[in-house]
Amino acid sequence: VMDWGIARVIDQGRPAFSDNPIIGINEALDRARSVVGTPSYMPFEQASGSPGGPRSDVYSLGATLYHLLSGHPPYSGNQWGTQRQILAGPPPSPSQRGGPPIPEELLETCQMAMAQEPADRFASAAALAESITAWLEGAREQDRAREIVRQADEMRPEIDRITAQVQHLRAE
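Trainee: Help me understand the overall build of the protein in this model?
Mentor: The secondary structure content of the protein amounts to six helices and two strands. Element order for the protein, N to C, with α for helix and β for strand: β-β-α-α-α-α-α-α. Taking all contacts inside the protein whose residues are at least 6 apart in sequence as the whole, residues at least 24 apart take part in 51%. Put simply, the protein shows about 11400 Å² of open surface, and 57% of that area lies on carbon and sulfur atoms.

So this is what it looks like as structure tokens:
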């Protein structure tokens, strides 16, 4: 029984078709639903009509990250044009789409999440989240280090003044 209450007739794991009008509805539903998802964020396996899985979700999250990084979805156009683009191969790197520079580690995370082969992607959305979190923590550490250097630069004139006073006192 599908989520809206329609029963599907199954024969050896596949829908069984006949002249029965209910089964005809099943066939139409199967054809209409053979490719399900938002085309611009759809992984290769779903675009080719295969069922998705957890790593398909990782791809879609990676495609969302791609959009955030580049300002563009990985693929664009109507449903069928987008599907053909997906089947033709991976999209251009988000860094090739223009916009501000993208940190290499974040770019690698995005590319791994969107790998053509599901086995090459993060094993789960949680693993993808851990990678992004680690990058964010590293970026925060870099920001803190830059702030310390900035503060030290601001203190430089005072340090130079005190150093000069010490040298003067030693000379006396």
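Trainee: In this structure, what is going on with the pattern of salt bridges? I would like to understand it.
Mentor: Pairing between side chains of opposite charge can happen when the charged atoms of each approach one another. On inspection of all chains with the given rule, the structure shows seven salt bridges. In this structure, Glu-45 engages Arg-121 in a salt bridge whose closest nitrogen and oxygen atoms are separated by 2.7 Å. Of the two residues, Glu-45 sits in helix H2 (residues 44-47) while Arg-121 sits in the loop between helix H5 (104-113) and helix H6 (125-171), which places them 76 residues apart along the sequence. Comparing Glu-45 with Arg-121, the two get one shared label, buried. The salt bridge involving Arg-150 is made with Glu-154; its shortest N-O contact spans 2.1 Å. Here Arg-150 and its partner Glu-154 are both found in helix H6, four residues apart, which amounts to about one turn of the helix. For Arg-150, a relative accessible area of 36% corresponds to the partly exposed category.

Trainee: For this particular structure, what's the right way to read the side chain of Arg-121?
Mentor: The exposure class of Arg-121 is buried, given its relative accessible area of 2%. A distance of 3.0 Å separates the side chain of Arg-121 from the backbone oxygen of Arg-55, its partner in a polar contact.

Trainee: How should the packing of helix H3 (residues 54-70) against H6 be read in this particular structure?
Mentor: The description of two packed helices rests on the angle between their axes and on the distance between the axes. Where H3 meets H6, the axes come as close as 9 Å, and the angle between the chain directions of the two elements is 30°. With respect to their mutual orientation, H3 and H6 come out roughly parallel. Between H3 and H6 lies a crossing whose hand is right-handed. In contact with Val-58, Leu-61, Gly-62 and Leu-65 of H3, H6 contributes Ala-125, Leu-128 and Ile-132. By residue class, the composition of the contact of H3 with H6 is six nonpolar, one polar and no charged.

Trainee: Explanation requested: the nonpolar core in the structure shown.
Mentor: Soluble globular proteins tend to pack their nonpolar side chains together in the buried interior. In terms of nonpolar packing, the biggest core is built from 14 residues, with Tyr-59, Leu-65, Leu-69, Ile-86, Cys-110 and Met-114 touching the most fellow members. Discounting residues that sit within four places of it in the chain, Leu-69 has contacts with Pro-94, Ile-102, Leu-106 and Cys-110.

Trainee: Help me out: how do you make sense of helix H4 (residues 79-88) in this one?
Mentor: An α-helical turn contains 3.6 residues, so any two residues separated by three or four positions project in the same direction. By the burial criterion, the buried members of H4 are Gly-81, Thr-82, Gln-83 and Ile-86. Elements in contact with the buried residues of H4: H2. Measuring from the side-chain oxygen of the N-cap residue of H4 to the backbone nitrogen of Trp-80 gives 3.1 Å; that N-cap residue is Asn-78. Positive backbone phi, at 145°, marks Gly-89, one or two positions downstream of H4.

Trainee: For this particular structure, what's the right way to read the packing of H3 against H5?
Mentor: In contact at an axis separation of 7 Å, H3 and H5 are set at 145° when each is read in the N-to-C sense. The way H3 lies across H5 gives a crossing that is left-handed. Contact residues: H3 offers Val-58, Tyr-59, Gly-62, Leu-65, Tyr-66 and Leu-69, while H5 offers Leu-106, Thr-109, Cys-110 and Ala-113. In the contact of H3 with H5, the residues fall into eight nonpolar, two polar and no charged.

The rules behind the values
Residue indices begin from 1 for each chain and proceed along its sequence in written order. In keeping with the model being predicted, local features are shown solely for residues with a pLDDT of at least 70 and side-chain atom pairs are shown and tallied solely at 80 or more, while totals for entire chains, interfaces and linings include all residues. Side-chain numbers here rest on the full set of heavy atoms in the structure, without hydrogens or water. Helix and strand definitions follow DSSP, with helices as H or I runs of at least four residues and strands as E runs of at least two, each counted in order from the N terminus. In this analysis, two residues are considered to be in contact whenever any of their non-hydrogen atoms come within 4.5 Å of each other. To be clear on the numbers: accessible area is Shrake-Rupley with a 1.4 Å probe, and residue cover counts the displayed protein chains and nothing else. By definition here, a salt bridge exists when the distance from a side-chain nitrogen of Lys or Arg to a carboxyl oxygen of Asp or Glu is within 4 Å. The buried label applies to any residue whose accessible area, calculated with a 1.4 Å probe on protein chains only, is under 20% of its type's maximum; exposed applies above 50%, and partly exposed to all values in between. For this analysis, a polar contact is any N or O atom pair within 3.5 Å, provided that within protein one partner can donate a hydrogen and the other can accept it, and provided that sequence-adjacent residues contribute only side-chain to side-chain pairs. Orientation is described by lines fitted to C-alpha atoms, with helices fitted over the stretch in contact, and by angles between N-to-C directions that extend from 0 to 180 degrees. Our angle categories are set so that under 35 degrees counts as roughly parallel, over 145 as roughly antiparallel, 65 to 115 as roughly perpendicular, and the remainder as oblique. Each helix crossing is assigned a hand: it is left-handed if the near helix lies turned anticlockwise from the far helix by less than a right angle, otherwise right-handed if that turn is clockwise. Under the convention adopted here, Pro, Cys and the residues Ala, Val, Leu, Ile, Met, Phe, Trp and Tyr are nonpolar, Asp, Glu, Lys and Arg are charged, and Gly plus all remaining residues are polar. Residues enter a nonpolar core if they are buried and are Ala, Val, Leu, Ile, Met, Phe, Trp, Tyr or Cys, with the set joined through side-chain atoms within 4.5 Å.

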